[in-house]
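# Per-entry structural report
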Amino acid sequence: MPSTSDRQDRNEALRLFVVAAIALLLLLAVGGAGLYYLVGLGGDVDPFSAGLGLKNAALISFAVSFVAILVMAVVSGGDAIFGELPFTILGFLIFFLIFWLMIAWIF
């Protein structure tokens, strides 16, 4: 027979699962909308166009890096925000640099 603490643990786990599922769906929706906007699926696209360039790639890279660092900080329970701030900033800068150059090179 389950005790009240078992029920509370199950309810908490269910709430965490629902919140994580909603966050994942929201992330996919925002990513899909961004991809639709950037790729231009609605119109005629020239495959040999000039591409994004470094300036637009830097803007996209900043957003992607910021979201990635926020997700990692939230998943770690907030410890990465205060306790490991220098490593978080360094990780952001490394993500930014890699994403920036890869987006500019590929697209």
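First, a word on scope: everything that follows refers to the structure included in this document.

What follows covers helix 4 (residues 85-106). Note on helix geometry: an α-helix contains 3.6 residues per turn, so any two residues three or four positions apart are oriented the same way. Over its 22 residues, helix 4 extends 31 Å from the first C-alpha to the last, a length consistent with the 32 Å expected when each residue adds 1.5 Å. Those residues of helix 4 that sit buried are Thr88, Phe92 and Ile103. Buried residues of helix 4 fall within an arc of 40° about the axis and therefore sit on the same side. Facing away from the buried side of helix 4, by more than 90 degrees, are the exposed residues Pro86, Phe87 and Trp105.

A separate point is the packing of aromatic side chains. Using the criterion set out here, one finds 5 aromatic pairs in the structure. Look at phenylalanine 62 and phenylalanine 66: their rings are 6.1 Å apart centre to centre, the planes differ by 10°, and that puts the pair in the stacked class. In this pair, phenylalanine 62 and phenylalanine 66 are both assigned in helix 2 (residues 54-75), 4 residues apart and thus about one turn of the helix distant. In this structure phenylalanine 62 comes out as partly exposed when scored by relative accessible area, which is 46%. According to the relative accessible area criterion, phenylalanine 66 is partly exposed, its value standing at 42%. Ring geometry for phenylalanine 96 versus tryptophan 100: centroids 5.7 Å apart, planes at 25°, classification stacked. Of the two residues, phenylalanine 96 and tryptophan 100 are both situated in helix 4; the distance of 4 residues between them amounts to about one turn of the helix. Taken together, the ring pairs connect Phe62, Phe66, Phe92, Phe96 and Trp100 into an aromatic cluster.

Glancing now at the side chain of serine 65. Position of serine 65 among the secondary structure elements: in helix 2. Overall, serine 65 belongs to the buried group, its relative accessible area being 0%. Beyond its immediate stretch of four places on either side in the chain, serine 65 contacts Phe92, Phe95, Phe96 and Phe99.

Each pocket or cavity is described by its volume, and for the second largest pocket that value is around 320 Å³. If you go around the second largest pocket, the residues you meet are Ala23, Leu24, Leu26, Leu27, Val30, Val67, Leu70, Val71, Val74 and Val75. Elements that contribute at least two residues to the lining of the second largest pocket include exactly helix 1 (4-39) and helix 2. Broken down by class, the residue content of the lining of the second largest pocket amounts to 10 nonpolar, no polar and no charged.

Criteria and thresholds
- Residues numbered from 1 in each chain as written.
- Predicted model: local features only at pLDDT ≥ 70, side-chain atom pairs only at ≥ 80, totals over all residues.
- Heavy atoms only, no water.
- Helix = DSSP H or I, 4+ residues; strand = E, 2+ residues; numbered from the N terminus.
- Expected span 1.5 Å × (residues − 1).
- Buried < 20%, exposed > 50% of the residue type's maximum accessible area, 1.4 Å probe, protein only.
- Arc of directions from axis to C-beta.
- Phe/Tyr/Trp six-rings, centres within 6.5 Å; stacked < 30°, edge-to-face > 60°.
- Contact = heavy atoms within 4.5 Å.
- 1 Å grid on protein atoms, 1.4 Å probe; cavity = no way out; pocket = protein on both sides within 12 Å on 5 of 7 lines; lining within 4 Å.
- Points joined across faces, edges and corners; volume = space filled by probe spheres on them.
- Nonpolar A, V, L, I, M, F, W, Y, C, P; charged D, E, K, R; others polar.

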